[in-house]
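# Remarks on the overall topology
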Amino acid sequence: MAPVAMRTAAQSLSDAQPVSFWLDDPGKPAPQPALTGDERCDLLVIGGGYSGLWTALLAKERDPQRDVVLIEGHEVGWAASGRNGGFCAASLTHGLGNGISRWPGELAQLEELGERNLDAIEAAVAAYGIDCDFERTGEIDVATEPHQLAELHEMYDEAHKLGFTGLELLDRDAVRAEVDSPTFLGGLWDRRGVAMLHPAKLAWGLKQACLGLGVRIYEHTRGLDLAPAGAGMAVRTPYGRVFARRVALGTNIFPSLVKRVRPYTVPVYDYALMTEPLTDEQLASIGWKNRQGLGDSANQFHYFRLSADNRILWGGYDAIYPFGGKLNAELDHRPETYLKLAGHFFRCFPQLEGVRFSHAWGGAIDTCSRFSAFFGTAHAGKVAYAAGYTGLGVGSTRFGADVMLDLLAGERTERTELEMVRSKPLPFPPEPFAWAGIGITKWSLARYDVNGGRSNLWLKTMDKLGLGFDS
């Protein structure tokens, strides 16, 4: 970055608060009390993010008489559910390309299930009166390099061959008419497959909906260990225990209470900036009248969108893996990444020079080697889990909740018969091999971006093995 550009980027960050914009909200609800003593229930849900909240809510919708308890180690929505970009996608496969490469035989079914899942989220937001700024405006994947433009054309053609007609190909003038950046060469607009929302308000709204249906929620209550107890399971907490007939684990990036699941995920730290609200003149300088989400098409990509009060969220690019896969609160903030992101922002939108950032934050994403969720059971079917959403959990966690409830009920359903649900990703190797492999893969993906989309031998090998790394 040139010295003048670096100074501009640094100055834009001088007032940024090191906290998620979404969580820095005066409407944040007070936490529920911690569990003290013993509880008994039909279903215990562990984890107060989207995965756990949807599981608890859907369990009560399926059977209003079911006695459901949810425990959360911190506060509802505090982790990834309150720190993400607010892109609620229909895709269950981390995009069409990943779905084509992994489950071509059931892709049409997966796409239909994903569309139905997003429709159900929209319906739940309306039915429970969840005020989370839900806007089904879609998302544009933009090309900023010639090889990315060619890849978007290939994806559009492939989608049409498969009968998916919801995508619109945009040339340079068309994409810049939607959102004006001198870096944009073209785009692919999914008009209905993605909604924008306020992620923390979605979590808080789901919490209120669960409470309204009779779910008992205990915050600041970690599940410490899991063991059989009679015909059910027992989970120990700091001040008590929960005895449950069935347990659903929605802990995602946090170490699973089913230890054999742990090698399937690693934490990747992702970062985002939020600008101050744009003036009418600033907003007019970039267009963006249709309020779509956007993401560029590089391997090290940026995602960006407008908030309800016309701020721009700008995130992505850096994906930081901590050695050993250990969660580290110090990695929630990374000034060198904030500076890099700010520089990229003004390169994308030079007409916004002088805009400042109000918030800068990071958080851990649970990623797996196939980039999309995996599922399973333990303890003779009394425990179910879902994990590995790799950044697309805002929407797909609701689908995962349905899968977990199907598995706990021992039911054969359209969902449980999917190869995607019945199979597992490849686990990550132990250290230092995971650290080395992820580092080489990140370097290779960065070289791919600057070398015109040419894969090196490492990436070709990873593709053959069905492995990779996604920022």
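Please refer to the structure higher up on the page.
Going along each chain's sequence as written, the residues are numbered from 1 onward. Per-residue local features are limited, in this predicted model, to residues with pLDDT of at least 70; the limit for side-chain atom pairs, both in listing and counting, is 80 or more; totals at the level of whole chains, interfaces and linings are taken over all residues. Based on all heavy atoms of the structure, the side-chain values leave hydrogens and waters out of the count.

### Considering helix α4 (residues 107-127)
Only runs of H or I of at least four residues qualify as helices and only runs of E of at least two qualify as strands under DSSP, and these elements are numbered from the N terminus. To estimate the expected span of a helix, subtract one from its residue number and multiply by 1.5 Å. Along its 21 residues, α4 runs 30 Å from first to last C-alpha, staying within 8% of the 30 Å computed at 1.5 Å per residue. Working definition: with a 1.4 Å probe on protein chains only, accessible area under 20% of the residue-type maximum means buried, over 50% means exposed, and in between means partly exposed. Among the residues of α4, those classed as buried are L107, L110, E111, L113, G114, N117, L118, I121, A124 and V125. Seen from one end, α4 has its buried residues packed into an arc of 165°, which puts them on one side. Exposed positions of α4 whose direction lies more than 90 degrees from the buried face are A108, A126 and A127. At the C-terminal side of α4, G129 shows a positive phi close to 60°. When we speak of the arc, we mean the arc of directions from the helix axis to the C-beta atoms.

### Comments concerning the sheet that holds strand β16 (residues 357-367)
Taken together, the 8 strands give an open sheet; going across it, the order is β5-β6-β4-β13-β14-β15-β12-β16, and neighbouring strands pair in mixed fashion. In this open sheet, the two edge strands, each paired with only one partner strand, are β5 (167-170) and β16. The mean inter-strand angle of the sheet, taken between neighbouring strand axes irrespective of direction, is 20°. Across 4 bridges, the pairing between strand β4 (residues 139-143) and strand β13 (residues 293-296) is parallel. Residue pairing across strands places D141 opposite G295, the latter belonging to β13. Against the sheet, helix α5 (residues 146-161) engages β4, β5 and β6 (186-190), with an angle of about 150° to β5. By the convention used here, residues are in contact when the closest approach between their heavy atoms is within 4.5 Å. Simply put, an axis is a line fit to the C-alpha atoms, just over the touching stretch for a helix, and the angle between two N-to-C directions goes from 0 to 180 degrees. Sitting on the sheet, helix α9 (residues 335-348) is in contact with β12 (266-275), β14 (302-306), β15 (312-316) and β16, with an inclination near 50° to β12. Strands pair, by our definition, only if DSSP identifies at least two bridges between them.

### Thoughts on the nonpolar core
Here the nonpolar core consists of buried residues drawn from Ala, Val, Leu, Ile, Met, Phe, Trp, Tyr and Cys, with membership extended through side-chain atoms lying within 4.5 Å. Formed by 50 residues in total, the largest nonpolar core has its most connected members in L43, W54, F134, L202, L206 and F375. Put simply, the parts of the chain that give this core at least two residues each are β1 (37-46), α2 (50-62), β2 (68-71), α4, α7 (199-212), β18 (383-387), α10 (393-409) and α11 (419-422). Contacts of W54, omitting those with residues within four sequence positions, involve I121, A124, L206, V394, T397, R398 and A401. Within the second largest apolar cluster, 37 residues are counted, among which are L13, W288, F357 and A360.

### Comments concerning the packing of aromatic side chains
Here a pair means two rings of Phe, Tyr or Trp (six-membered ring of Trp) with centres within 6.5 Å. Their orientation is stacked below 30 degrees between planes, edge-to-face above 60, and tilted elsewhere. Evaluated as defined, the whole model comprises 18 aromatic pairs. An angle of 25° between the planes, with centres 6.3 Å apart, marks the rings of W78 and F254 as stacked. Taken together, the residues span a long stretch of sequence, with W78 in the loop between β2 and β3 (87-89) and F254 in the loop between β11 (240-249) and β12 at a distance of 176 residues. Judged by its relative accessible area of 34%, F254 is partly exposed. Here F304 and F349 contribute two aromatic rings whose centre-to-centre distance is 6.1 Å and whose plane-to-plane angle is 80°, an arrangement assigned as edge-to-face. On the criterion of sequence distance, the pair formed by F304 in strand β14 and F349 in the loop between α9 and β16 is long-range, its members being 45 residues apart. Of the two residues, F304 and F349, neither departs from the other in class, the shared state being buried. Taken together, the aromatic side chains of F184, W288, F304, W314, F345, F346, F349 and F357 make up a single cluster linked through ring pairs. The rule is short: NZ of Lys or CZ of Arg within 6 Å of the ring centre and within 35 degrees of the ring normal puts a charge over the ring. Directly above the ring of F243 sits R40, whose terminal nitrogen or CZ lies 4.5 Å from the centroid. Positioned above the aromatic ring of W54, the side-chain terminus of R398 is 5.8 Å from the ring centre.

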